[in-house]
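A closer look at the structure
Letter by letter, the chains look like this.
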Amino acid sequence: MVALAVLPAWVGAQPLITHEDESKVPSYILPDLLTSENGKPILSAEAWRSLRRPELLELFTHQMFGEAPSEAVELSSELLTDQRGLMDGAAHCKEVVIHLRPREAKTTLPITVLIYQPAGSPKPVPAFLALNFAGNHTLSDDPQIRLSQTWMRNQPDRGIVDHRATEASRGTQAGRWPVRKIIDRGYALVTAYYGDIDPDFDDGWSNGIHPFFFREGQQAPEVHQWGSIAAWAWGLSRILDYLHQEPTIDPKRVAVMGHSRLGKTALWAGASDERFALVISNNSGCGGAALSRRAYGETLRRINSSFPHWFNDAFTRFNDREALLPFDQHQLLALIAPRPLYVASAAEDQWADPKGEFLSAWHASSVYRLLGSRGIESGVMPALDEPVGHQVRYHIRRGPHDVTDYDWAQYLDFADAHLK
Ligand code: GTR
């Protein structure tokens, strides 16, 4: 717990301004990855595992993402659709509703999971698991895929009206999901709409997974309890639980991937659930891979004001007080070590602070080194479209905030190197 009651006089709320100007980045000192909270240097893999990793995990849990319930939930599943022989016979595609029943709940939380898998693989295949922004039916114009019924943000130009998907929204996100390439490379692709787990708006905690865990009379998570990002990450872990029942998928070779707010989610899922074999953060920015202390682009005050439900309430205490954070995002990335980690930025996505994402990945590499593997070896930002690194890899590609074929080409090569 960080004592914030006694603050230096200079600490005060500043207006909600942001900048994308390197000359305005304050000078900062990052909390040391390899020094424990009691000042002891962390000199061995064993000290990292038994002392430093748990204390960092605890800090991120309590001061940022919030504690998710640790109790087991009952999981049942129901097959919705099952299509064989898609993509010239190369793929199977099915949808499964997984029903989660926490405690003695009278109802269940249904999450509709879409699974594409290579046809006829003799042994279980590795998979990419990634939540999607607007429903499974936006990956493809296949009319067999069920149209999501869940609340979503209005986007009339993409067929989302009155907070519901319409037929016009089919296939609208297909450009972000090169399903055929993923299948041809021998991977399954598993996805679900993130709003199935918790709709992405400040709803007073009345829907999604949170209320299932409230005590009698409780109406909102407590200050250190989970926000929406922790809930989405928790949902990814439940989908991974389900994948243990899928004989054609190898649950020990699942890469968790996410873009933007779902990139933050993928990082937290990978940090908090070590069963994820590989982690990919695409343009995750503030609260994801980017260093908070740089306060470049989106800042803590800004993210906590625009999206008050994403992190826990304890995190808002660091608005305009980045220097007082007991951690920074390089330490979140280090929680994934020694598992392979890919961090990707886009040159026109300055809001997400590409340089802060790169530096974070580079600093995290010291833990990979301690654990006997190689991360990113130079602190000099690479040129556009030139990936660098080993077990920690990074690229900054040309273009805007998005997930492109270029990004996926790198992720597939990275997965080939580590999951096959
Ligand atoms: C922005 C937000 C970012 C990023 C992005 C997204 O509005 O400021 O942190 O998460 O949304 O998820 O698309």
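Now for a look at the structure at hand. (Residues numbered from 1 in each chain as written. Predicted model: local features only at pLDDT ≥ 70, side-chain atom pairs only at ≥ 80, totals over all residues. Heavy atoms only, no water.)

1. Notes on unusual backbone geometry
Between Ala337 and the following residue, Pro338, the backbone shows a cis peptide bond with an omega angle of 0°. With respect to the element layout, Pro338 can be found in the loop between helix H7 (329–334) and strand E10 (341–346). The residue Arg103 is not glycine, and still its phi comes out positive at about 45°. With respect to the helices, strands and loops of the structure, Arg103 is situated in the loop between strand E2 (91–102) and strand E3 (109–118). A positive phi is found at Ser260, a non-glycine position, where the angle reads about 60°. (Helix = DSSP H or I, 4+ residues; strand = E, 2+ residues; numbered from the N terminus.)

2. Structural notes on the sheet that holds E3
The strands making up a sheet associate through backbone hydrogen bonding, with each pair oriented either parallel or antiparallel. An order of E1-E2-E3-E7-E4-E8-E9-E10-E12-E11 is seen for the ten strands of this open sheet, with the pairing classed as mixed. Strand pairing shows two members of the sheet lacking a second neighbour, strand E1 (73–85) and strand E11 (388–389), which therefore form its edges. With two bridges connecting them, E11 and strand E12 (residues 392–397) associate as antiparallel partners. Note on E12: the bridge partner recorded for Gly389 is Arg393. Relative to the sheet, helix H5 (residues 261–272) contacts strand E4 (125–132), strand E8 (249–259), strand E9 (278–282) and E10, its axis offset from that of E8 by approximately 140°. (Pairing = 2+ DSSP bridges. Contact = heavy atoms within 4.5 Å. Axes fitted to C-alpha atoms, helices over the stretch in contact; angles between N-to-C directions.)

3. A closer look at the packing of helix H1 (residues 45–65) against H5
The geometry of H1 relative to H5 is characterised by a closest axis approach of 11 Å and an angle of 140° between their N-to-C directions. Taken together, the axes of H1 and H5 lie oblique to each other. In the crossing of H1 with H5, the sense of the turn from one axis to the other is left-handed. Contacts between H1 and H5 pair Arg53, Leu57, Phe60, Thr61 and Phe65 from the former with Trp268, Ala271 and Ser272 from the latter. For the contact of H1 with H5, the class distribution of residues is five nonpolar, two polar and one charged. (Parallel < 35°, antiparallel > 145°, perpendicular 65-115°, else oblique. Left-handed = near helix turned anticlockwise from the far one by under 90°. Nonpolar A, V, L, I, M, F, W, Y, C, P; charged D, E, K, R; others polar.)

4. Some words on the nonpolar core
The biggest cluster of nonpolar side chains holds 90 residues, and the ones touching the most others in it are Phe65, Ile111, Leu131, Val190, Ile209, Ile239 and Leu341. The greatest single-element share of this core, amounting to eleven residues, is contributed by helix H4 (residues 228–243). Sequence-distant contacts of Ile239, that is, excluding residues within four places in its chain, are made with Ile98, Ile111, Val113, Leu129, Leu131, Val190 and Ala192. Within the second largest apolar cluster, 30 residues are counted, among which are Ala91, Leu139, Ala277 and Phe414. (Core = buried A, V, L, I, M, F, W, Y, C linked by side-chain atoms within 4.5 Å. Buried < 20%, exposed > 50% of the residue type's maximum accessible area, 1.4 Å probe, protein only.)

5. Section: the packing of aromatic side chains
Summed over all chains, the structure comprises 18 aromatic pairs. Ring centres of Phe65 and Phe311 lie 5.7 Å apart, and the angle between their planes is 55°; on these two criteria the pair is classed as tilted. With Phe65 in helix H1 and Phe311 in the loop between helix H6 (300–306) and H7, this residue pair connects regions lying 246 residues apart in the sequence. Here Phe65 matches Phe311 in class, with each residue buried. Of the aromatic side chains, those joined through ring pairs into one cluster are Phe128, Tyr187, Tyr342, Trp408, Tyr411 and Phe414. For Arg238, the ring lying beneath its charged end belongs to Trp234, and the centroid distance is 5.1 Å. (Phe/Tyr/Trp six-rings, centres within 6.5 Å; stacked < 30°, edge-to-face > 60°. Lys NZ or Arg CZ within 6 Å of the ring centre and 35° of its normal.)

6. Things to note about the site of the ligand
All residues adjacent to the ligand are Ser260, Arg261, Lys264, Glu298, Ile303, Phe307, Trp310, Trp351 and His401. Arg261 places a polar side-chain atom, nitrogen or oxygen, 2.5 Å from an oxygen atom of the ligand. For the ligand, whose free accessible area comes to 320 Å², the fraction covered by protein is 79%. (Near = heavy atom within 4 Å. Polar contact = N/O pair within 3.5 Å; in protein donor to acceptor, adjacent residues only side chain to side chain. Areas by Shrake-Rupley, 256 points an atom, 1.4 Å probe, with all protein chains shown as cover.)

7. Observations regarding the pattern of salt bridges
One pass over the full model with this rule turns up 30 salt bridges. With its nearest N and O atoms 2.8 Å apart, the salt bridge here joins Arg185 to Asp416. Of this pair, Arg185 sits in the loop between helix H3 (179–184) and strand E7 (188–193) while Asp416 sits in helix H9 (residues 405–419), and the two are 231 residues apart along the sequence. Overall, Arg185 belongs to the partly exposed group, its relative accessible area being 29%. Salt bridges sharing common partners tie together Glu22, Arg294, Asp353 and Lys355. (Salt bridge = Lys/Arg side-chain N within 4 Å of Asp/Glu carboxyl O.)

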